[in-house]
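# Structure assessment
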Amino acid sequence: MCRLNIRKVLRGLLVVVLLVWTVFPIYWMVSLSIRDDAELITSLSLFPKSFTDKHFIRLFRQNSFSIAISNSLQVTLISLFFSLIFGLSCSYVLARTRYKYKLRGPMLFWILLVRIIPPIAFALPLYIMMNRLGLMHTKIPVILAHILVNIPFIIWFMMGFFSGLPEEIEESAEIDGASDLQLFIRIVLPLVLPGITAVGILSFMTSWNEYIYGVIFVQSPSQFTIPLSLSTLNSEQELAQWGRIAAGGIISLVPVALFVVFAQNFLIQGLSSGAVKE
């Protein structure tokens, strides 16, 4: 009985530690965003002694943060749309044995290789190609870079879902006269919707928070994404504006948080069932 109580106490302490470890950074960011400048440059207490919303107001009025939000949404949603189209179709073909071809093994190897290679390795080839095509002053290089990063992840993530589907369902649809495209869109995709939602959220978060390609390819402040816009607030030319940085961090959390809240059931189901085969 005593051992069970000790285990419960230890588990409770572990949960509390993990909860504090997870929630405290968010609390601290909120706390910094609502303190005035005078408090930020002095010794900080755990709880704010002042309250102000001027950091949020200045972020939009002086730093054009609304433009950064618009750019991030455009880059993230466009890259996610094309990544899902190509990633889902490729993973389905690679997962189904009825599509037989000799290059399946090498293709899987190259897809995995692209996934594990550091993203910076693709920066120079992409930069040279985009520069020669005259696309460096557009959002296209960043979008293509995000697609390059997300497609291999989507393929490997979704192959487990497609492999777990009974082929008899597809064979029945074929007997009823469904084409391959109709079979894929109307039969297969609805059955793996939890996986699509999960991989969509994870890919959205990857693109939303991506910084490296933005630094390399974005050449105009009017095309800054949220990570780039926030990085300019902490530079050698001026002191770090912690209030605005924290306010921008809070705002950048909102789309991802809303996405996860409304799709959390699909996310949990997708993350837990993709690797399980009956």
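Further up the page is the structure itself.
Below is a summary of the structure that appears in this document. Given the structure is predicted, the values throughout are model-derived calculations rather than measurements.

### Some words on the side chain of Thr 52
- Mapped onto the elements, Thr 52 comes out in the loop between helix H2 (37-40) and helix H3 (54-61).
- Within polar-contact distance, the side chain of Thr 52 engages the backbone nitrogen of Lys 54 at 3.2 Å.
- Residues contacting Thr 52, with those up to four places away along its chain left out, are Ser 33, Ile 34, Arg 35 and Asp 36.

### Things to note about the nonpolar core
- Ranked by size, the top nonpolar core spans 33 residues in total, and within it Leu 88, Met 158, Phe 162 and Val 192 carry the most contacts.
- Of all the elements, helix H4 (residues 65-95) adds the most residues to this core, at 7 residues.
- Filtering out sequence-adjacent residues up to four positions away, Val 192 remains in contact with Met 158, Phe 161, Phe 162 and Leu 165.
- Phe 122, Leu 126, Met 159 and Val 218 belong to the second largest nonpolar core, which has 20 residues in total.

### Here's the deal with the packing of aromatic side chains
- In this structure the tally under the stated criterion is 13 aromatic pairs.
- Plain terms: the ring middles of Phe 24 and Tyr 27 are 6.1 Å apart, the flat faces sit at 45° to each other, and that makes the pair tilted. Of this pair, Phe 24 and Tyr 27 both sit in helix H1 (residues 2-33), separated by 3 residues, roughly a single helical turn.
- According to the relative accessible area criterion, Phe 24 is partly exposed, its value standing at 36%.
- Relative accessible area serves as the criterion here: at 26%, Tyr 27 is assigned to the partly exposed category.
- With a centroid separation of 5.7 Å and 25° between ring planes, the pair formed by Phe 157 and Phe 161 is classed as stacked.

### Brief notes about helix H10 (residues 193-209)
- Across its 17 residues, H10 extends 24 Å between first and last C-alpha, which sits within 8% of the 24 Å expected from 1.5 Å per residue.
- Counted residue by residue, H10 has 12 buried out of 17 residues, so it is predominantly covered.
- Listing the buried residues of H10 in full gives Pro 194, Gly 195, Ile 196, Thr 197, Ala 198, Val 199, Gly 200, Ile 201, Ser 203, Phe 204, Ser 207 and Trp 208.

### Points about the packing of H3 against helix H13 (residues 242-262)
- For the pair H3 and H13, interaxial distance at closest approach is 8 Å and the crossing angle is 80°. As summarised for this structure, H3 and H13 are arranged roughly perpendicular, according to the angle between their axes. Along the contact surface, H3 presents His 55, Phe 56, Arg 58, Leu 59 and Phe 60, while H13 presents Gly 243, Arg 244, Ala 247, Gly 248 and Ile 251.
- By residue class, the composition of the contact of H3 with H13 is 5 nonpolar, 3 polar and 2 charged.

### A few points about H13
- For H13, spanning 21 residues, the distance from its first C-alpha to its last is 31 Å, which sits close to the expected 30 Å at 1.5 Å a residue.
- The largest bend in H13 comes to about 30°, at Val 254, with the proline Pro 255 one to four residues further on.
- Of all the positions in H13, only Gly 243, Arg 244, Ile 245, Ala 246, Ala 247, Gly 248, Gly 249, Ile 250, Ile 251, Ser 252 and Val 256 are classed as buried.

Rules and cut-offs
- Residues numbered from 1 in each chain as written.
- Predicted model: local features only at pLDDT ≥ 70, side-chain atom pairs only at ≥ 80, totals over all residues.
- Heavy atoms only, no water.
- Helix = DSSP H or I, 4+ residues; strand = E, 2+ residues; numbered from the N terminus.
- Polar contact = N/O pair within 3.5 Å; in protein donor to acceptor, adjacent residues only side chain to side chain.
- Contact = heavy atoms within 4.5 Å.
- Core = buried A, V, L, I, M, F, W, Y, C linked by side-chain atoms within 4.5 Å.
- Buried < 20%, exposed > 50% of the residue type's maximum accessible area, 1.4 Å probe, protein only.
- Phe/Tyr/Trp six-rings, centres within 6.5 Å; stacked < 30°, edge-to-face > 60°.
- Expected span 1.5 Å × (residues − 1).
- Axes fitted to C-alpha atoms, helices over the stretch in contact; angles between N-to-C directions.
- Parallel < 35°, antiparallel > 145°, perpendicular 65-115°, else oblique.
- Nonpolar A, V, L, I, M, F, W, Y, C, P; charged D, E, K, R; others polar.
- Bend = angle between axes of the 7 residues up to and from the residue.

None of the figures reported here should be taken as evidence of function without further support.
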